[in-house]
Amino acid sequence: MKQIAVAGLCLFVCTYSHANQTTHHALANSITAHNIGSFQHTITQNAFNSFGLQNKNIFNNKKDQPNINTANMYGHAPVYGTELMYGEFNDDGTMGRSGGDTPFSKISNIWLNWQHTDNKSKFDNLSPIKNKNDLIIAGLSGNKSNIGSFTHNWGISTGYAHSKQHNNDLHTDSQGGYLSIFNGFYYKKLSINTNITTGVFDSSSDNKFGTDDYTNFWFSGAAGISYDIALDDTFVLRPVINTEYTWIKSKDYTSVSGDKINNKNFNMFELSPELQAIKHIANNWFGKLNIKYVMTFANNDDTIINNIDTLNLNNTDYFEYSISIEKTFYNTNVHATVGRQDGDIYGWFGNINIKYLF
């Protein structure tokens, strides 16, 4: 019996040791899941900034609209999102939207966004993961409507995501797509936005044993509340609080090393207070400064190798700073941003958004 006990202990130690030796490549799925959480953060922020009335500094400068001095109305009633700000005039100059018999009569705008991120993620017991992420997003927004005292608008978007991640032990290439549905509610200077997303990510991870293929599915729900504080006719401070929950399902697989890899479902919660400063510069040019503190909480994301629980990965807090410039040319709005992240995720990002207003 003593020999059996010793043999069993040796088997356990050898198995656990092998699991530890293969931990880095076996954690590729967990690393990808955290990257999906980072992607989802970007998807939500782009939705909140691209849809309808939340991007309140857009001014649709149509040729045939009355001559309006936006500098005298910025931050004052009628506030952003009203007919005056969006240039919704009939052919005779009266308020309202003409062309109700067109296929686009219920659509306010369509837009295309591209974002590139070049950053690193810190994880315990791993060398930093270098991330190069690209998102291409297309969306459309519906016209506003009234629900009681609130103004409401909706939007949908879909996108393609591509990511390359690597450190000393692995190189992962991932790609996938998603669909998002947005709803916004506005009361005077208060905005309440929601966004739900579902998507899929396919990954191939190269390591010293070969290439592992695995798939992740995810679902996310987000909400953001903001309030506009007009300091003068051209300058607005906008405090914001964003919350987001992301659930990520990982399919089990057997690695090329012969190890059985299982990830419990990932549950990620994000809380990010934010402050935006928006300035009407001149001639329908707008600038925006943004600072955000992103707190991420995760659980149930253990990686199980050959039925043995190993360490889980977490990256938590980081700051995000950005500066944006925006200009509307007749029916086309162009918005560009460059920013920096510092903390458990650190690096640079930039995006450009082109929107056509009907």
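Residues numbered from 1 in each chain as written. Predicted model: local features only at pLDDT ≥ 70, side-chain atom pairs only at ≥ 80, totals over all residues. Heavy atoms only, no water.

A.B. asks: Where do I start with the pattern of salt bridges in this structure?
C.D. replies: Side-chain pairs of opposite charge can arise where the charged atoms are in close proximity. Within this structure, the stated rule accounts for six salt bridges. The shortest N-O distance in the salt bridge between Lys-164 and Asp-173 comes to 2.6 Å. The class for Lys-164 is partly exposed, based on a relative accessible area of 35%. The shortest N-O distance in the salt bridge between Glu-274 and Lys-292 comes to 3.9 Å. With Glu-274 in strand β12 (residues 266-282) and Lys-292 in strand β13 (residues 285-299), this pair connects stretches of sequence that are 18 residues apart. Across this residue pair, the class does not change: Glu-274 and Lys-292 are buried. It is possible to trace a salt-bridge network through shared partners that takes in Glu-274, Lys-292 and Glu-320. (Salt bridge = Lys/Arg side-chain N within 4 Å of Asp/Glu carboxyl O. Buried < 20%, exposed > 50% of the residue type's maximum accessible area, 1.4 Å probe, protein only. Helix = DSSP H or I, 4+ residues; strand = E, 2+ residues; numbered from the N terminus.)

A.B. asks: Explain the nonpolar core to me, please; I cannot follow it from the model alone.
C.D. replies: For soluble globular proteins, nonpolar side chains are generally found buried alongside one another. Among the nonpolar cores identified, the biggest contains 20 residues, and Leu-135, Tyr-178, Phe-201, Trp-218 and Ile-248 are the most heavily contacted of them. Those elements giving two or more residues to this core turn out to be α3 (28-50), β2 (129-142), β5 (171-187), β7 (210-227) and β12. At six residues, the largest contribution of residues to this core is made by α3. Of all hydrophobic cores here, the second largest spans 13 residues; its members include Ile-31, Phe-123, Leu-126 and Ile-129. (Core = buried A, V, L, I, M, F, W, Y, C linked by side-chain atoms within 4.5 Å.)

A.B. asks: What exactly am I supposed to notice about the confidence of the model for the chain here?
C.D. replies: Segments scoring low in pLDDT should not have their predicted coordinates read at a detailed level. Chain-level statistics for the chain give a pLDDT mean of 79 and a share of 77% at 70 or above. For the stretch residues 1-22, pLDDT sits under 50, and the model shows 10 contacts to residues farther than four places along the chain or on other chains. Taken together, the stretch residues 52-101 has pLDDT below 50 and engages in 121 contacts with residues farther than four places along the chain or on a different chain. (pLDDT = per-residue confidence, 0-100. Contact = heavy atoms within 4.5 Å.)

A.B. asks: In this structure, what is going on with the environment of Gly-184? I would like to understand it.
C.D. replies: By the element assignment, Gly-184 lies in strand β5. Overall, Gly-184 belongs to the buried group, its relative accessible area being 0%. Apart from the residues within four sequence positions on either side, Gly-184 is in contact with Thr-151, His-152, Asn-153, Ile-192 and Asn-193.

A.B. asks: How do you make sense of the packing of aromatic side chains when you look at a structure like this?
C.D. replies: What characterises a pair of aromatic rings is the spacing of the ring centres plus the angle enclosed by the ring planes. Inspection of every chain in the model, using the stated rule, returns 10 aromatic pairs. With 6.4 Å between their ring centres and 90 degrees between their planes, Trp-285 and Phe-329 make a pair best called edge-to-face. In this pair, Trp-285 is assigned in strand β13 and Phe-329 in strand β16 (residues 318-329), connecting sequence segments 44 residues apart. Relative to Tyr-321, the ring of Phe-319 lies with its centre 6.0 Å away and its plane at 5 degrees, an arrangement referred to as stacked. For Phe-319, a relative accessible area of 35% puts it in the partly exposed group. With relative accessibility at 32%, the residue Tyr-321 sits in the partly exposed group. Grouping aromatic residues by their ring pairs yields a cluster made of Phe-39, Phe-201 and Trp-218. Between the NZ or CZ atom of Lys-327 and the centre of the ring of Phe-329, over which it lies, the distance is 5.7 Å. (Phe/Tyr/Trp six-rings, centres within 6.5 Å; stacked < 30°, edge-to-face > 60°. Lys NZ or Arg CZ within 6 Å of the ring centre and 35° of its normal.)

A.B. asks: For this particular structure, what's the right way to read the sheet that holds strand β14 (residues 303-305)?
C.D. replies: Strand-to-strand pairing in sheets goes through backbone hydrogen bonds, with the strands running parallel or antiparallel. The four strands are arranged β10-β11-β14-β15 in an open sheet whose pairing can be described as antiparallel. What marks the edges here is a single partner per strand, and that holds for β10 (253-254) and β15 (308-309). In this sheet, β15 lies alongside β14 in antiparallel orientation, the contact comprising two bridges. Each bridged residue has a counterpart across the sheet, and for Ile-304 the counterpart in β15 is Asp-309. (Pairing = 2+ DSSP bridges.)

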